[in-house]
Amino acid sequence: MGFMAGEESRTAASTAASTTACAAPPASEAPESRERPAGGGPEPGHREAGDRGTGRSGTHGWTVRLLVVGIVMAALNLRPAITSLGALLEEVRTGLGMSGTVAGLLTSLPSLCFAVFGVTAPRLARRFGPGAVVCAGMAAIGAGLLIRPFTGSTAGFVAVSALALMGIAVGNVLMPVIVKQWFPDRVGSMTGLYSMALALGTALAAAVTVPATEVLGGDWEAGLVLWAALAAAAVLPWLLFLGERGRAPAERTPARERRRRERRTSGEGTPGKRVPGRRPARERVPAPGPRITRSRTAWALAVFFGLQATAAYITMGWMPQIFRDAGVPASTAGLLLALTMVMGVPLAFVIPRVAARLPRQGPIVVVLGVSGLVGYAGLYFAPAAGALAWALLLGIANCAFPLALTMVGMRARSGAGVAKLSAFAQSTGYLISLPGPLLVGFLYQHSGGWGLPLALMSALLIPQMAAGVLAGRARTVEEEAAGR
């Protein structure tokens, strides 16, 4: 992504030595070089055609560190636009004159935008490069968060919120792709780092928004606008990658060296002469990705992703209101939401690493689902008395998101496959999640309580667990698309 290759005047020996040194993972990461699902992925050390040369070989150390910083900064900005609004939803409803149904529509807006705009992310990445698309996404988030508190109307608030959510949508889809392309032997640890940063940003916005609003004079506009600064900071690491066209650094750097090796292997000594029966590396066309719609695993992963997104956005949008209706102060309700989100910080790092080492991820899916069922039951029977316990359990349940991201990386062999699977699972999943928050708002307004909404939320966890068990089987979408 905009990385400079090593000097072409280096000898073949020095290039090979530097490539080997850069590509070797630290000793602590050695086990992750075998993070392939049993019976699904390629053998350890194998590179698919679509992944040739990915990873860190040929990449200067500072550029790798900058890439990691960029990934973490982007992840920090993928949820504050949502959880900061959830913490102040009552004030926003009052200030803009929203009904409960309209507020439910507002909490459904993230799913709609993620479905509509997320599907365009792979095409934009091929056209402009993933770095440029992520950079533009961070700029869109910052602009949306800066403008939306001052629109003065519900329609304007919704429209500008969609701008920020558009930036989040492309980041959602491209982060697993970037991890797969650049860190193919460290999918678990890098997905964990990215998920941990995402959970941290989510929790930070939930915890800080209400106290910051009080410090800034009590106006909800001030509490929402402050998150634009975090998005502006996230733009900076990605500016270096604006000229990228979607290839990892090592995919460009060793091209000349590979041609030299091919000539030496075939006995050819004349520069520029083709190896008989083989196209030059620069002319090879990457294999197209699999036909995702033929894969049962892809559909199961999309359903799992959609139902966990339904639960997550209902929680982020409505959980503070559930506690406030039970007599919990607004600031405490915001802190409880923050606690739910902050549970994802350690677990989002641990779960992907554990999942990447298991042949099947179904047991993790079931544990997370049962935690959600107990949490919802607690919100119904004793929302205020056991608030801390329910917030913790729902925080565990929300870790289905990093698990879904990990399975996206594990259920495809190639970078092209991951790109297609990520776009399909997330876009289809977010379409599935659209009715959930809206229906919760409708049931809340017309039933006058939280009994029916919580019953709905509990019922949705059953198919979520079933779909997750199916998606967690040890197979890849390429195998299923090929009819094997």
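Here, the structure is the one placed above.
The structure reproduced in this document is the subject of the present report. Everything numeric here is computed off the predicted structure, so don't read it as measured data. Sequence positions are assigned chain by chain, starting from 1 and proceeding in written order. With pLDDT at 70 or above as the cut-off, local features in this predicted model cover only qualifying residues; side-chain atom pairs require 80 or more to be listed or tallied, and sums for whole chains, interfaces and linings still use all residues. Side-chain calculation: all heavy atoms of the structure are included, whereas hydrogens and water are not.

Quick notes on the overall build of the protein
Then, in step 1: Looking only at helices and strands, the protein features 23 helices and 0 strands.
Then, in step 2: Throughout, a residue-residue contact means that at least one pair of heavy atoms, one from each residue, lies within 4.5 Å. Considering only contacts within the protein whose residues lie at least 6 apart along the sequence, 83% involve residues at least 24 apart.
Then, in step 3: Carbon and sulfur atoms form 65% of the exposed surface of the protein, whose accessible area is close to 18,800 Å². Helix numbers and strand numbers start at the N terminus; a helix is a DSSP run of H or I with at least 4 residues, a strand a run of E with at least 2. Residue exposure ignores everything except the shown protein chains as possible cover, and the areas themselves are Shrake-Rupley values with a 1.4 Å probe.

Things to note about the environment of Thr63
Then, in step 1: Residue placement: Thr63 occurs in helix α2 (residues 61-76).
Then, in step 2: On the basis of relative accessibility, which here comes to 2%, the residue Thr63 falls in the buried class.
Then, in step 3: Taking the C-alpha atoms as reference points, Thr63 and Leu240, 177 residues apart in sequence, are found 9.5 Å from one another. For each residue, the accessible area found with a 1.4 Å probe, counting protein chains only, is set against the maximum for its type, and the residue is called buried under 20%, exposed over 50%, and partly exposed in between.

Quick look at a positive patch on the surface
Then, in step 1: Nonpolar side chains (Val, Leu, Ile, Met, Phe, Trp, Tyr) are joined into patches within 5 Å and like charges within 9 Å, using only residues with over 30% relative accessible area and no salt bridge. Salt bridges are defined by distance alone: a side-chain nitrogen of Lys or Arg within 4 Å of a carboxyl oxygen of Asp or Glu. Working convention for charge: Lys and Arg count positive, Asp and Glu count negative, and His plus the chain ends are omitted. By convention, charge coordinates are those of NZ in Lys, CZ in Arg, CG in Asp, or CD in Glu. On the surface, a cluster of positive charge is contributed by Arg123, Arg126, Arg291, Arg294 and Lys420.
Then, in step 2: Along the polypeptide, Lys420 turns up in helix α20 (residues 415-433).

Here's the deal with helix α14 (residues 296-325)
Then, in step 1: Here the expected span of a helix is defined as 1.5 Å times the quantity of residues minus one. Between the first and last C-alpha of α14 there are 42 Å, a value that for 30 residues agrees with the 44 Å anticipated at 1.5 Å per step.
Then, in step 2: Within α14, the axis deviates most sharply at Trp318, by approximately 50°, and proline Pro320 lies no more than four positions further along.
Then, in step 3: Burial runs high along α14: 25 of the 30 residues are buried.
Then, in step 4: For this analysis, a polar contact is any N or O atom pair within 3.5 Å, provided that within protein one partner can donate a hydrogen and the other can accept it, and provided that sequence-adjacent residues contribute only side-chain to side-chain pairs. Its side-chain oxygen 3.3 Å from the backbone nitrogen of Thr297, Ser295 forms the N-cap of α14.
Then, in step 5: Within two residues after α14, Gly327 carries a phi angle of roughly 100°, on the positive side. The quantity called bend is, for any residue, the angle between two axes fitted respectively to the seven residues ending at it and the seven beginning at it.

Quick word on the packing of helix α6 (residues 121-128) against helix α8 (residues 154-182)
Then, in step 1: To get an axis, a line is fitted to the C-alpha atoms, and for a helix only the part in contact is used. The angle between two axes follows their N-to-C directions and goes from 0 to 180 degrees. For the pair α6 and α8, interaxial distance at closest approach is 9 Å and the crossing angle is 75°. One way to sum up the angle between α6 and α8 is to call them roughly perpendicular. Packed against α6, whose contacting residues are Ala121, Pro122 and Ala125, the element α8 presents Val170, Val173 and Leu174 at the interface.
Then, in step 2: Residue polarity follows a fixed list, in which Ala, Val, Leu, Ile, Met, Phe, Trp, Tyr, Cys and Pro are nonpolar, Asp, Glu, Lys and Arg are charged, and the others, Gly among them, are polar. Partitioning the contact of α6 with α8 into residue classes produces 6 nonpolar, no polar and no charged. An angle below 35 degrees is treated as roughly parallel, one above 145 as roughly antiparallel, one from 65 to 115 as roughly perpendicular, and anything else as oblique.

So, α6
Then, in step 1: The complete set of buried residues in α6 reads Ala121, Pro122 and Ala125. Buried positions in α6, seen along its axis, are confined to an arc of 100° and lie on one side of it. In this structure, α6 carries Arg123, Arg126 and Arg127 as exposed residues pointing more than 90 degrees from its buried face.
Then, in step 2: Just beyond α6, the residue with positive phi is Gly129, at close to 100°. When we speak of the arc, we mean the arc of directions from the helix axis to the C-beta atoms.

Thoughts on the packing of aromatic side chains
Then, in step 1: When the centres of two rings from Phe, Tyr and Trp lie within 6.5 Å, Trp using its six-membered ring, the rings pair. Their planes under 30 degrees apart give stacked, over 60 give edge-to-face, and anything left gives tilted. Across all of its chains, the model carries 11 aromatic pairs by this definition.
Then, in step 2: On the numbers, 4.2 Å between centres and 20° between planes, the contact of Tyr444 with Trp450 is stacked.
Then, in step 3: Here Trp450 falls in the buried class, since its relative accessible area comes to 11%.
Then, in step 4: Cation over ring: Arg79 sits above Phe401, and NZ or CZ is 5.1 Å from the ring centre. We call a charge positioned over a ring when the NZ of a Lys or the CZ of an Arg lies within 6 Å of the ring centre and within 35 degrees of the ring normal.

Re a nonpolar patch on the surface
Then, in step 1: Residues Val366, Val370, Val374 and Val469 make up a contiguous nonpolar surface patch of about 260 Å² in total accessible area.
Then, in step 2: Ranked by residue count, the leading element in the nonpolar patch is helix α17 (residues 362-381), at 3 residues.
Then, in step 3: As for its position among the elements, Val374 is in helix α17.

Concerning the nonpolar core
Among soluble globular proteins, nonpolar side chains are generally buried collectively.
Then, in step 1: For our purposes a nonpolar core is just a set of buried Ala, Val, Leu, Ile, Met, Phe, Trp, Tyr and Cys residues, chained together by side-chain atoms within 4.5 Å. Counting residues in each nonpolar core, the largest one holds 121 residues, and the members touching the most others are Ile71, Val92, Phe157, Tyr194, Trp238, Phe304 and Leu403.
Then, in step 2: With 16 residues, α14 is the largest single contributor of residues to this core.
Then, in step 3: Apart from the residues lying within four places of it in its own chain, the contact partners of Val92 are Leu85, Gly97, Met98, Phe157, Trp220 and Leu224.

What about the packing of α17 against helix α18 (residues 387-397)?
A pair of packed helices is captured by two measures, namely the crossing angle of their axes and the spacing between those axes.
Then, in step 1: One can describe the packing of α17 onto α18 by two numbers: an axis separation of 8 Å at closest approach and a directional angle of 150°. By the angle between their axes, α17 is roughly antiparallel relative to α18. The handedness of the crossing between α17 and α18 is left-handed. Seen from α17, the contacting residues are Leu368, Ser371, Gly372, Val374, Gly375, Tyr376, Gly378 and Leu379; seen from α18, they are Trp390, Leu393, Leu394, Ile396 and Ala397.
Then, in step 2: Class assignment for the residues of the contact of α17 with α18 results in 9 nonpolar, 4 polar and no charged. Handedness of a crossing follows from how the near helix is turned relative to the far one, being left-handed for an anticlockwise turn of less than a right angle and right-handed for a clockwise one.

Describing the environment of Glu221
Then, in step 1: Mapped onto the fold, Glu221 is located in helix α10 (residues 220-225).
Then, in step 2: Counting along the chain gives 129 residues from Glu221 to Val92, while the straight-line C-alpha distance between them is 8.5 Å.
Then, in step 3: Residue contacts for Glu221: discarding those within four places in its chain leaves Pro149 and Phe150.

Side note on the pattern of salt bridges
Then, in step 1: Per the stated rule, a full pass over the model turns up 4 salt bridges.
Then, in step 2: Between Arg324 and Glu91 there is a salt bridge; the shortest N-O distance is 3.3 Å. In this pair, Arg324 sits in helix α14 while Glu91 sits in helix α4 (residues 89-96), placing the two residues 233 residues apart along the sequence.
Then, in step 3: The class of Arg324 is partly exposed, set by a relative accessible area of 22%.
Then, in step 4: Overall, the relative accessible area of 28% leaves Glu91 in the partly exposed class.

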